[in-house]
Amino acid sequence: MTKRTRLNLYFDPALMPRIESLALRRKVSKSAIVEAAVMSYLSGDSTDQLEAAISRRLDKLGRQIDTLDLDLAVLGETVSLFILFWLTVTPPLSGTAQSATRAKGAERFEGFMQNLGRRLATGDRFLKELSRDIDSLRDDPSPDQSETNGDQA
């Protein structure tokens, strides 16, 4: 057993709740927290440790940005292809039909915006729903298998 030396310390009262909170989260004693802090302070490589921690965090942020960049590229391509398709298959309207179509379009767009606002407020995302749907399709047996299994039963 390692022999310990007792030392009475005085801290700023604002530090104690932070030490106690960290000790509870890590499930160690307050003495262990203070000892680790002193050892870190006294070690000469604390700058290297800090630099390594910052480097790891920057690497993680970089990977997250790469993921967002890919998501944004997919979104941009999707919108571009939809617009191209829509422009290709939608015939031009005559002058008399344009006003009625604009009014109906404004009404539908308002409904779209309300639906979008609700989805954003609840945190629902289409891509998350899509991935859940794909996962559920993987879990379900294919129609050919269920028909075959139904014939055997």
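Worth saying up front: this structure is predicted, and the values here are computed from it rather than measured.

1. Here's the deal with the packing of helix α1 (residues 15-26) against helix α2 (residues 30-42)
Running from N to C, α1 and α2 cross one another at 105°; their axes reach a closest spacing of 8 Å. One way to sum up the angle between α1 and α2 is to call them roughly perpendicular. Of α2, the residues touching α1 (which contributes Met16, Ile19, Glu20, Leu22 and Ala23) are Lys30, Ile33 and Val34. Of the residues assigned to the contact of α1 with α2, the class counts are 6 nonpolar, no polar and 2 charged.

2. Some words on the packing of aromatic side chains
Taken as a whole and judged by the stated rule, the model has 1 aromatic pair. A centroid spacing of 6.1 Å and a plane angle of 35° characterise the contact between Phe109 and Phe112, whose relative ring orientation is tilted. Taken together, the positions of Phe109 and Phe112, both in helix α4 (residues 95-122) and 3 residues apart, correspond to about one turn of that helix.

3. Describing the pattern of salt bridges
Counting across every chain of the model gives 4 salt bridges. The residue Glu35 makes a salt bridge to Arg4 at a minimum N-O spacing of 2.9 Å. Residue Glu35 is found in helix α2, and its partner Arg4 is found in the segment before α1; the two are separated by 31 residues along the sequence. Judged by relative accessible area, Glu35 falls into the partly exposed class, the value being 34%. Its relative accessible area of 59% is what places Arg4 among the exposed residues. Among the salt bridges present, the one from Asp135 reaches Arg138, with a minimum N-O distance of 3.5 Å. With a gap of 3 residues between them, Asp135 and Arg138 both fall in helix α5 (residues 126-139), about one helical turn apart. Since its relative accessible area comes to 38%, Asp135 is described here as partly exposed.

Thresholds applied
- Residues numbered from 1 in each chain as written.
- Predicted model: local features only at pLDDT ≥ 70, side-chain atom pairs only at ≥ 80, totals over all residues.
- Heavy atoms only, no water.
- Axes fitted to C-alpha atoms, helices over the stretch in contact; angles between N-to-C directions.
- Helix = DSSP H or I, 4+ residues; strand = E, 2+ residues; numbered from the N terminus.
- Parallel < 35°, antiparallel > 145°, perpendicular 65-115°, else oblique.
- Contact = heavy atoms within 4.5 Å.
- Nonpolar A, V, L, I, M, F, W, Y, C, P; charged D, E, K, R; others polar.
- Phe/Tyr/Trp six-rings, centres within 6.5 Å; stacked < 30°, edge-to-face > 60°.
- Salt bridge = Lys/Arg side-chain N within 4 Å of Asp/Glu carboxyl O.
- Buried < 20%, exposed > 50% of the residue type's maximum accessible area, 1.4 Å probe, protein only.

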